[in-house]
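# Chains, contacts and geometry: an overview
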There are 8 protein chains.
Amino acid sequence: MAKVGIIMGSISDLPIMQEAKDILTELGVETEIDVVSAHRTPEKMVEYAKNAHLTGISVIIAGAGGAAHLPGMTASLTSLPVIGVPIKSSNSIDGWDSILSILQMPGGIPVATVALNGGKNAGLLAARIIATFDQHVFHKMEAYRNELQEKVKESRTKL
Amino acid sequence: MAKVGIIMGSISDLPIMQEAKDILTELGVETEIDVVSAHRTPEKMVEYAKNAHLTGISVIIAGAGGAAHLPGMTASLTSLPVIGVPIKSSNSIDGWDSILSILQMPGGIPVATVALNGGKNAGLLAARIIATFDQHVFHKMEAYRNELQEKVKESRTKL
Amino acid sequence: MAKVGIIMGSISDLPIMQEAKDILTELGVETEIDVVSAHRTPEKMVEYAKNAHLTGISVIIAGAGGAAHLPGMTASLTSLPVIGVPIKSSNSIDGWDSILSILQMPGGIPVATVALNGGKNAGLLAARIIATFDQHVFHKMEAYRNELQEKVKESRTKL
Amino acid sequence: MAKVGIIMGSISDLPIMQEAKDILTELGVETEIDVVSAHRTPEKMVEYAKNAHLTGISVIIAGAGGAAHLPGMTASLTSLPVIGVPIKSSNSIDGWDSILSILQMPGGIPVATVALNGGKNAGLLAARIIATFDQHVFHKMEAYRNELQEKVKESRTKL
Amino acid sequence: MAKVGIIMGSISDLPIMQEAKDILTELGVETEIDVVSAHRTPEKMVEYAKNAHLTGISVIIAGAGGAAHLPGMTASLTSLPVIGVPIKSSNSIDGWDSILSILQMPGGIPVATVALNGGKNAGLLAARIIATFDQHVFHKMEAYRNELQEKVKESRTKL
Amino acid sequence: MAKVGIIMGSISDLPIMQEAKDILTELGVETEIDVVSAHRTPEKMVEYAKNAHLTGISVIIAGAGGAAHLPGMTASLTSLPVIGVPIKSSNSIDGWDSILSILQMPGGIPVATVALNGGKNAGLLAARIIATFDQHVFHKMEAYRNELQEKVKESRTKL
Amino acid sequence: MAKVGIIMGSISDLPIMQEAKDILTELGVETEIDVVSAHRTPEKMVEYAKNAHLTGISVIIAGAGGAAHLPGMTASLTSLPVIGVPIKSSNSIDGWDSILSILQMPGGIPVATVALNGGKNAGLLAARIIATFDQHVFHKMEAYRNELQEKVKESRTKL
Amino acid sequence: MAKVGIIMGSISDLPIMQEAKDILTELGVETEIDVVSAHRTPEKMVEYAKNAHLTGISVIIAGAGGAAHLPGMTASLTSLPVIGVPIKSSNSIDGWDSILSILQMPGGIPVATVALNGGKNAGLLAARIIATFDQHVFHKMEAYRNELQEKVKESRTKL
């Protein structure tokens, strides 16, 4: 069964990355979570990225902040789709550095970037990718979008 | 067989979006290209997005510039993965508006954003997504990354 | 009698949008308020925007944050004037995304954008629009501007 | 009959402001165009703004670049709706100064800001405002939006 | 004797503008302080600026935030030197709007802009201007710069 | 008689700084122009700034681009008013570095910053400063502002 | 033995600059710390920078915020490597001014800029420089990088 | 003898990186130049960085544009000082992405960042580093700074 690998550059990124794990768990998708730092454990990162597809991982979600190299470097070492989550960490300049160093990859190596601190959307994007070949997840995604609608309707009671 | 739907907000976006089509064709992935404007043909957009998965499309690539609503609106109307290409069109402020209005989607509806004018990377990302369930495309992606390496080596002769 | 339709992308935008409602009520203009999300209830949005002019609405005020598509999409589905309120929501990058994705509409579909979190000015702008054909509201606007002057004078006592 | 007053801070803004005039003429709305500089002819500006509603003007469109004070100052001197067009003039920093000094009006005095160099959309917004009380213009606006759709369809032949 | 006129767009700017008054008082320069709003009391502003040189004012300091038009408009209505203080008011986008709408004046009408919230430096600049023709103030400025040096030396004890 | 010292960080800044010299000459104010680089001739800069008031200079205009330290360093070494001209030089990032490194001086040492590439306004500001004690220059400034009005009127013939 | 000179523009920068001192002490490198303000003690700065290499200093670390001239000016007065630390001080605009006025030095005078508030990295960079000729420090740096890896491993227990 | 390793992410960065090589050659410092792409040849990058200090390299200069990961990744794999050159490549957003993804390194792994396109300053910084242990290069650097002064003097003849 498909599995999503979730990695983060620092344990301080966990609150955001946990949102990815939670929504995937809710949608019935298996996940595996780890701390892999591009700058502090570069060789572990190389190994992780090169072998991910051999360990049953279909999609990688990588979160990092500041000069955020983890998503792009991971994408350069695998052919799996890599989703990048820019994190507004304490050393980030309002998140601009995190966004630009993940988004602006050169032609050849794509990273699927989501919004600043968009851990939840990273999980949902991974689910949509898995849904391209897993009808079960696809139906869950359809249901999820319906729920969003319901919640908007409910919120109107506060008006 | 899997197919990638490529849409753009204006025919002036074609040079960038053609890069997505070309790389997908090179990788043996079928594509379908169209002009669908969020602002000028909103109802066509609704129809396109709602029915895409019924017409054999697995992944949607949507490019737009300025207040670029096409990728996000499309993502809100389908459960397929949607890749957004921010385009530095003539009415864009150095591309910042295109990037932010595609990237900063609210929790619930993800868009896989690539670099400014990143038509080629959008195509490669779509290919990586299809490669999660299509071994043939996966091997092509591996070969593609090898070629990138070779080209770097060749470029060294210019030193 | 003329009526202003006030919509917001999320119930969390209410504190800002309430300012629009309050000033319009103060100026004697009827309002109607609702939550309509471009991304979570796209089809409700289409219906709302297409029918607004049939339900007695003369001006629409739409507030949203982040990748804020509600004002622009609404404007693309109606011929009524649409006022956009960029909201500095929790997922926004200091409001820049909200501003640019509302302001930078392509030629053909205008949105009357007001300042970040400018709910009050959105209400005042709607009143000025209604005042173009309603002398009563016009006189109220003139009086309102006089009051602003008086308040400045009063504030001088603090010097 | 309703009339739109178009003013600009410098004759060099004419190419952008002419787009407003042209689309209004096309939609059958009368216009009046003038150069009124907030900084070089401040007293003429005061007079223009204070008397505009007495000369049959229903909506004012004001374009300016750099530290662009014309739209906001005009709005402070009239109760008519004022549309601001930020212009990327030669002395502007990529248009950011023009946008922010028009958009970020304080609570009390609204300016309906359109996109950078958005002369055409300023004209269309003025037409939508007039259409709130002029059914003839409303129908022209509906037709205009239909034409936009047709042009998108035609552009597809280039694919 | 020379006098500095200090005006602010809103009473909420007082804490910053008071710094200008305090340092000028400390340097023995007479001041006069008032609230003059470009947008809420435009005609009072015109009168103030046109007559300032007749009431013994030699330099004007004007502070404002957001779309800050007060310094530039004042400069357009007088031949006195006008010092602009961009204020990071509650409705400002991190101060960028305040800075750009004061700094980026068109050729012909200069504003001497100081740092964001730079009330103290505005006062010091006014004193330097007065010192060009008042030896007494010049000597006070020289002494002031010496004091700055002393304070740095003293602060070293904290190392 | 009063004299304005004009210095620039590099001879490549001359086209902008010449505008300051030209307008001052037109207004009958004596000038002295030199190349003084904060980074390449730091000791010459110290000497220039410390002695300027002894050589008959009343106001200093300093232009520089990129990490533009000349205006601020000069201001720290003299009690004369220093006007800073941020220059969009070839090594500047759209002028943002030039602006911020001149404008954002710490409390204690003010620089009167003008618009990006605002050589002309720097000259006019220097003239306004001299006009505080020189009635002749004051009258020339009044006449200059009248001319600006006339030129706006003339430009209307192009409408 | 090699020594690192640490200077800061204001005593309020101490918390950040102390990080440089602490890591260097930990790595066995001697330091010397002082307050030297480019704007308040310009002549002391000149003396410090010109003589640093004569007092046994091999590398200078200079921290400053806002219009941060200390690192660049120091570099212009010495041939030693100068490391600049942009500080997000209270008068800084989110740190952008600090970064740009340190980073964007003109060709000829380099400053080795580290991240915003990057006191620790400034210390580590100084150590790497000293390690180019001091094997003892080089081995400490290798050990330090190993420790970083270990800490990442340990942090995984929190998952 | 000390040697500087110069690497760039793409052969298109050569014109900027050649400036580093040229100034080092002029100063008598040996260099070695290569194309090493973080994203296209990640494993070659790992090998280069890990072994650089074994091949006689004392300082590494790494240039890259867009999401520029080469300098930071190299720094994470060596204990040598790494100088990063942000390049305004064709796929860069005015250079902001290049700057932020090089500058904003997390605590632990420093990169000595120079100005945008600052190839020459990167070379000069490398020379200053080598000069900390090589008196011959130190004297050349002193002479170089003297020459800068002379060139400023000569340029004055153009006034």
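Predicted model, so just to flag it, every value in this text is computed and none were measured.

Rules used throughout
Residues numbered from 1 in each chain as written. Chains lettered and ligands numbered in written order. Predicted model: local features only at pLDDT ≥ 70, side-chain atom pairs only at ≥ 80, totals over all residues. Heavy atoms only, no water. Helix = DSSP H or I, 4+ residues; strand = E, 2+ residues; numbered from the N terminus. Rg over C-alpha atoms; globule rule 2.2 N^0.38 Å. Buried < 20%, exposed > 50% of the residue type's maximum accessible area, 1.4 Å probe, protein only. Contact = heavy atoms within 4.5 Å. Areas by Shrake-Rupley, 256 points an atom, 1.4 Å probe, with all protein chains shown as cover. Lys, Arg positive; Asp, Glu negative; His and termini not counted. Charge placed at Lys NZ, Arg CZ, Asp CG, Glu CD. Pairing = 2+ DSSP bridges. Right-handed = clockwise from strand over helix to strand, strands pointing away. Buried area = accessible area lost by both parts, 1.4 Å probe. Salt bridge = Lys/Arg side-chain N within 4 Å of Asp/Glu carboxyl O. Polar contact = N/O pair within 3.5 Å; in protein donor to acceptor, adjacent residues only side chain to side chain. Nonpolar A, V, L, I, M, F, W, Y, C, P; charged D, E, K, R; others polar. Axes fitted to C-alpha atoms, helices over the stretch in contact; angles between N-to-C directions. Parallel < 35°, antiparallel > 145°, perpendicular 65-115°, else oblique. Least-squares fit on C-alpha atoms with pLDDT ≥ 70 in both. Patch = residues over 30% accessible without salt bridge, like charges linked within 9 Å, V, L, I, M, F, W, Y side chains within 5 Å. Arc of directions from axis to C-beta. pLDDT = per-residue confidence, 0-100.

## Here's the deal with the overall build of chain A
When its secondary structure is counted, chain A shows six helices and five strands. Along the chain direction, N to C, the helices and strands of chain A fall in the order β-α-β-α-β-α-β-α-β-α-α. A compact globule built from 159 residues should have a C-alpha radius of gyration of about 15 Å, and chain A, at 16 Å, falls within 12% of that. The buried share among the 159 residues of chain A stands at 69%. Across chain A, every contact between residues at least 6 apart in sequence was considered, and the portion connecting residues at least 24 apart equals 68%. In the structure as shown, chain A presents an accessible area of about 4,800 Å², 50% of it carried by carbon and sulfur atoms. A distance of 5 Å separates the average location of the 14 positive side-chain charges in chain A from that of its 16 negative side-chain charges.

## A short note on the pairing of strand β2 (residues 30–35) of chain H
On any regular strand, side chains alternate: one points to one face of the sheet, the next to the other face. All names here are of chain H. For strand β1 (residues 3–8) and β2, the ladder comprises six bridges, and the chain directions are parallel. What sits directly across from Val4, in β2, is Thr31. What joins β1 to β2 is helix α1 (residues 14–26), and the crossover it makes is right-handed.

## Quick notes on the interface of chain F and chain E
Tallying the contact residues gives 41 residues for chain F and 41 residues for chain E. The contact between chain F and chain E buries some 3,400 Å² in all, and 63% of this surface belongs to carbon and sulfur atoms. Run the count over chain F and chain E and you get zero salt bridges. Our count for the chain F to chain E interface comes out at 25 residue pairs in polar contact (both at pLDDT 80 or more). Grouping the amino acids of the side of chain F that touches chain E by side-chain chemistry returns 26 nonpolar, eleven polar and four charged.

## Brief notes about the packing of helix α4 (residues 96–103) of chain G against helix α4 (residues 96–103) of chain H
Direction vectors running N to C along α4(G) and α4(H) enclose 95°, while the axes themselves pass 13 Å from each other. When the axis of α4(G) is compared with that of α4(H), the two are roughly perpendicular. Each of G:Trp96, G:Ile99, G:Leu100 and G:Leu103 in α4(G) lies in contact with α4(H), whose residues at this interface are H:Trp96, H:Ile99, H:Leu100 and H:Leu103. Here the residues of the contact of α4(G) with α4(H) sort into eight nonpolar, no polar and no charged.

## A word on the relation of the copies chain D and chain C
Take chain D, turn it by 180°, move it 0.0 Å along the axis, and it overlays chain C with an RMSD of 0.0 Å. Within this description, the copies of the chain are treated as partners about a two-fold rotation axis. Mapped onto chain C, 100% of the interface residues of chain D are again interface residues, and the two copies thus contact each other with one and the same surface.

## Examining a positive patch on the surface
The grouping of A:Lys88, C:Lys88, E:Lys88 and G:Lys88 at the surface amounts to a positive patch. With respect to the helices and strands, A:Lys88 occurs in the loop between β4 (82–87) and α4 (96–103).

## Brief notes about helix α2 (residues 42–51) of chain D
Of all the residues in α2(D), the buried ones are D:Pro42, D:Met45, D:Val46, D:Tyr48 and D:Ala49. The arc that holds every buried residue of α2(D), seen down its axis, measures 170°, which confines them to one face. Residues of α2(D) that are buried make contact with β1 (3–8), β3 (57–65) and α3 (70–76) of chain D together with α2 (42–51) and α3 (70–76) of chain E.

## What to know about the pattern of salt bridges
Scanning all chains against the criterion turns up 48 salt bridges over all chains. One salt bridge in this structure joins B:Lys44 and B:Asp34, with 3.4 Å as the shortest N-O distance. Within this pair, whereas B:Lys44 is found in helix α2 (residues 42–51), its partner B:Asp34 is found in strand β2 (residues 30–35), the two being separated by ten residues in sequence. Of the residues examined, B:Asp34 reaches a relative accessible area of 11% and is grouped as buried. Here H:Lys3 and H:Glu32 are joined by a salt bridge, their closest N and O atoms 2.9 Å apart. With a gap of 29 residues between them, H:Lys3 in strand β1 and H:Glu32 in strand β2 connect regions that are remote in the sequence. Given the relative accessible area of 12%, H:Lys3 is considered buried. One network of salt bridges, with partners in common, ties together A:Asp34, A:Lys44 and G:Arg156.

## A word on the relation of the copies chain F and chain E
Once chain F is rotated about the relating axis by 180° and shifted along it by 0.0 Å, it coincides with chain E to within an RMSD of 0.0 Å. Both copies share a contact surface, since 100% of the interface residues of chain F are interface residues in chain E too.

## Describing the interface of chain D and chain C
Quite often, the size of an interface is put as the accessible area lost when its parts meet. On the chain C side, the residues contacting the 41 residues of chain D number 41 residues. Across the chain D to chain C interface the summed buried area is about 3,400 Å²; carbon plus sulfur atoms make up 63%. The largest contributions to the chain D side of the interface with chain C come from D:Ser79, D:Pro110 and D:Arg128, which together make up 21% of the buried area. The interface formed by chain D and chain C includes zero salt bridges. Broken down by secondary-structure element, the contributors of at least two residues to the side of chain D that touches chain C are α3, α4 (96–103), β5 (112–113), α5 (119–131) and α6 (135–155) of chain D. For the side of chain D that touches chain C, the residue count by class is 26 nonpolar, eleven polar and four charged.

## Here we look at the arrangement of the chains
Separating chain A from chain F is a minimum C-alpha gap of 16 Å, and the two share no contact. There is a clear gap between chain D and chain H: no contact, and 11 Å between their nearest C-alpha atoms.

## A few points about the environment of F:Ile83
Structurally, F:Ile83 can be placed in strand β4 (residues 82–87). The residues contacting F:Ile83, other than those within four sequence positions of it, are F:Val59, F:Ile60, F:Ile61, F:Ala62, F:Val111, F:Ala112, F:Val114, F:Ala122, F:Leu125, F:Ala126 and F:Ile129.

## Side note on the environment of C:Met45
Here C:Met45 lies in helix α2 (residues 42–51). On the accessibility criterion, C:Met45 (2% relative accessible area) is buried. Measuring from C-alpha to C-alpha, the distance between C:Met45 and C:Gly9 comes to 9.8 Å, with 36 residues separating the pair along the chain. Apart from the residues within four sequence positions on either side, C:Met45 is in contact with B:Met73, C:Val36, C:Ala38, C:Leu70, C:Met73 and C:Thr74.

## Concerning the environment of F:Leu124
Mapping F:Leu124 onto the fold places it in helix α5 (residues 119–131). Considering only alpha carbons, one finds F:Leu124 and F:Met141, 17 residues apart in sequence, at a separation of 8.2 Å. Each residue touching F:Leu124, except ones within four places of it in the same chain, is listed here: E:Gly108, E:Pro110, F:Ile23, F:Leu27, F:Met141 and F:Tyr144.

## What about unusual backbone geometry?
Note: most peptide bonds trans; most residues except glycine with negative phi. Residues and elements named next belong to chain A. In this structure, Asp94 is a non-glycine residue whose phi angle is positive, near 55°. With respect to the element layout, Asp94 can be found in the loop between β4 and α4. By relative accessible area, Asp94 is classed as buried at 13%.

## Some thoughts on the confidence of the model for chain A
Chain-level statistics for chain A give a pLDDT mean of 97 and a share of 99% at 70 or above. This prediction of the complex comes with two scores: 0.98 for pTM and 0.97 for ipTM.

## With respect to a negative patch on the surface
Residues and elements named next belong to chain A. On the surface, a cluster of negative charge is made up of Glu19, Asp22, Glu26 and Glu147. Of the residues forming the negative patch, the biggest block, three residues, is contributed by helix α1 (residues 14–26). Of note, Asp22 is situated in helix α1. When its relative accessible area of 42% is taken as the criterion, Asp22 is described as partly exposed.

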